[in-house]
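# Summary of structural features
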Amino acid sequence: MPAPAEVLKKSVMGLAVTLLFFAAVEGVLFVVGVTPLSDRADPYVGFAGYSPLFVESTAPDGSRVLRTSDAKASWFNPQRFTVRKASGTTRIFCLGGSTTYGRPYEDATSFCGWLREFVSAAHPSREWEVVNAGGISYASYRVARLMEELADYEPDLFVIYTGHNEFLERRTYDRLLNTPEIVRNVGALASGLRLYSAMSDVLYPEQDVLDTELDVVLDQSVGPEDYRRDDTMRDAVLEHFRSSAERMVDMGRQAGAEVLLVTPASNLRDFSPFKAEPSPGLDAASVARAGQLAASIADLRQAGDFERAAALADEALAIDPRNADLLFLRGRALLGLGDAAGARAAFIAARDEDVAPLRALTPVTGIVAEIAERRSTGLVDFEAMMDAASADGIPGDDYFLDHVHPSIEAHRMLGLAILDELVAMGVASPAPSWGDTAIADISEKVVASIDEAAHARALANLARILSWAGKQDEALTVADRATEMARDPHTVFQMLTVLVRDGRTDEALVYADEAARLMPDIADVRKMNGVLLAENGRSAEALPELEAAARLDPTLTDIHYHRGVVLSDLGQAARAETAYRRAIEIDPSQADALNNLGILLAQSGDTRGALQLFERAVAANPAHPNAPQNAARARRLLGG
């Protein structure tokens, strides 16, 4: 039997040979150009391809410049900078999602645009290039991929504002979630080896791959209802966010640049959750009871009885503690009672329990702050800034246009705060001329340059999106702002659309009349005005509008049906019959037109012809409110 010393010696020799072998393999793979996964890929997910944000071109003066690719124009602001950075120039890239972009407006009034103005005036002895690389709907893992490109463009500083879009895109974490944690940790370490990376490329060439451009959940469905509560997925997304944020800090450092992180802030007070679901495991009776209480809470709050509303909210939450809508109602009730601290806690809980989490969750801001402290990066706590600036310490419509997009003033405040942090980091040194007067002059200049009409149209588009997502109260608030800024065809029509979707036909009629006068040649507008007039009992006024719409676009959806309804109401049966027949000719399954034409035939004595139409209406829509009864009545008259 070998002595223990001999066994140890052989073991050490064997280990040494093994290590030398793997070292040799690593060396060979290095020579042939294999890059470790940890250096070239997201550890959670790959990309099906990558089209660069910036493409090289030649400027009129012959210089080589990088400009925003036309292929990216739908997601990014147009930007341009030289391929080779001039001596004495500091190049700053602002990265993130639509807040960085400046949504719903554009670069000039984004925090990046404000920073460009402020830093140039504060430190005029240097040239400053501040590039807005914020991408609409971009989550942190896409921002990190973009940063890989920007790291090659001689950056001096990356300003990163990300965290709101982590749940926006369809994701699959199946492979990650089904892997034991210890295996995931070993895999993370192994991803730094070229051998592991080469084997991974062979074994998993297309697993968990994202498309080059976005596949956003809200673009692939009818709205937030596509979301479901999934706590396991939530934890995985947050873990991935941490990984992406750390990768970005590493990439910035490797590129020789400073990194400044910004904590994402959101509207707590004036934006209700996108979607609520009952707490897991709740039975039907409990769900029904909580729903009844929610309706009562809303009524009591509307009546100003905040004390009873708060009491009912506590009762409802005792039944259903994770219901985001109930938490939001509790926040509103407590705010009415003057309990700002309790209201703030309830609003935060409502945001965090939102089943469609399109605002950065509480752990996201914690992760950003923790990474900034642990990795010694710059940090602007924008969330804390908005808390301090807002009434009762609860951010709302005073600084946010919707759920996450700051007002122009909030962007200005953030731009100034970033400048202050650059000074603290030693990146910028203010000149003696810098101070309140200079800040006021720049602020006045930027505000004076704002195209009010363009900004009003941007708000109107935002209102349309909010309405489509089911956020009617918020959509009306934004639409109202838009029409106050500029009352033009676009803003008026969007306000009209929001009011119609909310069922507020009396108010909508005012805007419909105005829209028809502003856009007399748009068939949809004339039709909408005619339909609203008819619904309000003004058929004589509705007919000319519907006739105009039909002339402008004879194929417009339902236009001939609506003409038939108004003509029938005005006693013009023959013309109504012609209109209904035209509607059925365009769409043979138009159940309402089939039913109404059947009624006209029955009134004229053609019961058999009416029955055929009623039966066709039922076949087209078995749940039609009148056609089945009309068909039964016609059969009885025919002795069937």
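Residues numbered from 1 in each chain as written. Predicted model: local features only at pLDDT ≥ 70, side-chain atom pairs only at ≥ 80, totals over all residues. Heavy atoms only, no water.

Counting secondary structure elements, the protein chain contains 28 helices and 10 strands. By residue count, 50% of the 640 residues in the protein chain fall in the buried class. Here the analysis covers contacts within the protein chain between residues at least 6 apart in sequence; of these, 71% occur between residues at least 24 apart. About 29300 Å² of surface is accessible on the protein chain, with carbon and sulfur atoms providing 53% of the total. (Helix = DSSP H or I, 4+ residues; strand = E, 2+ residues; numbered from the N terminus. Buried < 20%, exposed > 50% of the residue type's maximum accessible area, 1.4 Å probe, protein only. Contact = heavy atoms within 4.5 Å. Areas by Shrake-Rupley, 256 points an atom, 1.4 Å probe, with all protein chains shown as cover.)

A word on the side chain of Thr607. Along the chain, Thr607 falls in helix α27 (residues 607-620). Leaving out residues up to four positions away in the same chain, Thr607 has contacts with Ala634, Leu637 and Leu638.

Core analysis: the largest hydrophobic core is formed by 109 residues, its most contacted members being Val159, Ile418, Leu422 and Trp434. Beyond its immediate sequence surroundings of up to four residues, Leu422 is in contact with Ile92, Leu115, Leu157, Leu260, Val427 and Ala428. If you look at the next biggest cluster of nonpolar residues, it comprises 34 residues, including Leu95, Val143, Phe158 and Ala360. (Core = buried A, V, L, I, M, F, W, Y, C linked by side-chain atoms within 4.5 Å.)

Before going further, it helps to spend a moment on the sheet that holds strand β3 (residues 64-68). As summarised here, the arrangement of the three strands in space is β2-β3-β4, forming an open sheet in which the pairing is antiparallel. Bordering the open sheet on either side are β2 (54-58) and β4 (80-82), each of which pairs with just one other strand. Within this sheet the neighbouring strands show an average axis-to-axis angle of 30°, counted without direction. Across five bridges, β2 lies against β3 in antiparallel orientation. For Glu56, the partnering residue across the bridge sits in β3 and is Leu66. (Pairing = 2+ DSSP bridges. Axes fitted to C-alpha atoms, helices over the stretch in contact; angles between N-to-C directions.)

Along the chain, Ser279 falls in the loop between β9 (258-262) and α10 (284-302). Side-chain polar atoms of Ser279 contact the backbone nitrogen of Arg322, separated by 2.8 Å. Discounting residues that sit within four places of it in the chain, Ser279 has contacts with Arg229, Asp320, Pro321, Arg322 and Asn323. (Polar contact = N/O pair within 3.5 Å; in protein donor to acceptor, adjacent residues only side chain to side chain.)

The subject of this paragraph is helix α19 (residues 472-485). In a regular helix each residue adds 1.5 Å, so 14 residues correspond to 20 Å; α19 covers 20 Å between its end C-alpha atoms and thus fits that length. Of all the positions in α19, only Gln472, Glu474, Ala475, Leu476, Val478, Ala479, Ala482 and Thr483 are classed as buried. On its buried face, α19 sits against α18 (452-468), α20 (489-501) and α21 (505-518). (Expected span 1.5 Å × (residues − 1).)

A separate point is the confidence of the model for the protein chain. When the pLDDT values of the protein chain are averaged, the result is 87; 84% of them are 70 or greater. The low-confidence segment residues 37-41, where pLDDT is below 50, has 12 contacts with residues more than four positions distant or belonging to other chains. Note on residues 183-191: pLDDT under 50 across the span, and 10 contacts to partners over four residues away in sequence or across chains. (pLDDT = per-residue confidence, 0-100.)

On the basis of which strands lie adjacent, the open sheet formed by five strands has the order β6-β5-β7-β9-β10 and parallel pairing. The open sheet has two free edges, formed respectively by β6 (127-134) and β10 (378-380), since each of these has just one partner strand. Going from strand to strand, the sheet's axes swing by 20° on average, the running direction of each strand aside. Where β9 and β10 come together, three bridges link them in parallel fashion.

Here we take up the packing of aromatic side chains. Per the stated rule, a full pass over the model turns up 13 aromatic pairs. Taken together, the ring pairs in this structure connect Phe54, Phe81, Phe93, Tyr153 and Phe158 into an aromatic cluster. Directly above the aromatic system of Phe274 lies the positively charged group of Lys471, at a separation of 5.6 Å from the ring centroid. (Phe/Tyr/Trp six-rings, centres within 6.5 Å; stacked < 30°, edge-to-face > 60°. Lys NZ or Arg CZ within 6 Å of the ring centre and 35° of its normal.)

At their nearest, the axes of helix α4 (residues 111-122) and helix α16 (residues 408-425) sit 8 Å apart, and the two run at 45° to each other. Put simply, α4 runs oblique to α16. Regarding α4 and α16, the two cross each other, and that crossing is right-handed. Where α4 abuts α16, its residues Phe111, Trp114, Leu115, Phe118, Val119 and Ala122 lie against Ile408, His411, Arg412, Leu414, Gly415, Leu416, Ile418, Leu419 and Leu422. Per-class residue counts for the contact of α4 with α16 are 12 nonpolar, two polar and one charged. (Parallel < 35°, antiparallel > 145°, perpendicular 65-115°, else oblique. Left-handed = near helix turned anticlockwise from the far one by under 90°. Nonpolar A, V, L, I, M, F, W, Y, C, P; charged D, E, K, R; others polar.)

A few words on the layout of surface pockets. A volume near 940 Å³ is recorded for the second largest pocket. Around the second largest pocket, the lining is made up of 40 residues, and of these Ser98, Arg103, Ile136, His405 and Ile465 lie nearest the centre. With nine residues, α18 is the largest single contributor of residues to the lining of the second largest pocket. Here the residues of the lining of the second largest pocket sort into 22 nonpolar, 11 polar and seven charged. (1 Å grid on protein atoms, 1.4 Å probe; cavity = no way out; pocket = protein on both sides within 12 Å on 5 of 7 lines; lining within 4 Å. Points joined across faces, edges and corners; volume = space filled by probe spheres on them.)

Helix packing for two helices is described by the angle between their axes and how far apart those axes are. Following both chains from N to C, one finds helix α11 (residues 306-319) and helix α12 (residues 324-336) inclined at 150°, their axes separated by 8 Å at the closest point. By the angle class used here, α11 and α12 are roughly antiparallel. In terms of crossing hand, the pair formed by α11 and α12 is left-handed. Every residue of α12 that contacts α11 at Phe306, Ala309, Ala310, Ala313, Asp314, Ala316 and Leu317 is listed here: Leu326, Leu327, Arg330, Arg332, Ala333, Leu334 and Gly336. Of the residues in the contact of α11 with α12, the class split is 10 nonpolar, one polar and three charged.

This brings us to the pairing of strand β5 (residues 89-96). Burial within β5 is extensive, with eight of its eight residues counted as buried. Residues Thr89, Arg91, Phe93 and Leu95 point to one face of β5 and Thr90, Ile92, Cys94 and Gly96 to the other, with burial holding for every one of them. For β5 and β6, the ladder comprises eight bridges, and the chain directions are parallel. Opposite Gly96, over in β6, you have Gly134 as the bridge partner. With five bridges joining them, β5 and strand β7 (residues 157-161) adopt parallel strand pairing. Among the inter-strand pairings, Phe93 is bridged to a residue of β7, identified as Phe158.

Attention now moves to empty space enclosed by the protein. Taken as a whole, this structure holds five cavities of 30 Å³ or more when the rule is applied. Of the voids in this model, the second largest cavity is the one considered here, and its volume is about 70 Å³. Among the residues making up the lining of the second largest cavity, the classes are represented as three nonpolar, eight polar and no charged.

Inspection of the entire model under this criterion finds 42 salt bridges. We note a salt bridge from Glu277 to Lys275, for which the minimum N-O separation is 3.7 Å. Where Arg504 meets Glu507, a salt bridge forms, and the shortest distance between an N and an O atom there is 2.9 Å. Overlapping salt bridges, with partners in common, bring together Arg229, Asp231, Arg322 and Glu353 in one network. (Salt bridge = Lys/Arg side-chain N within 4 Å of Asp/Glu carboxyl O.)

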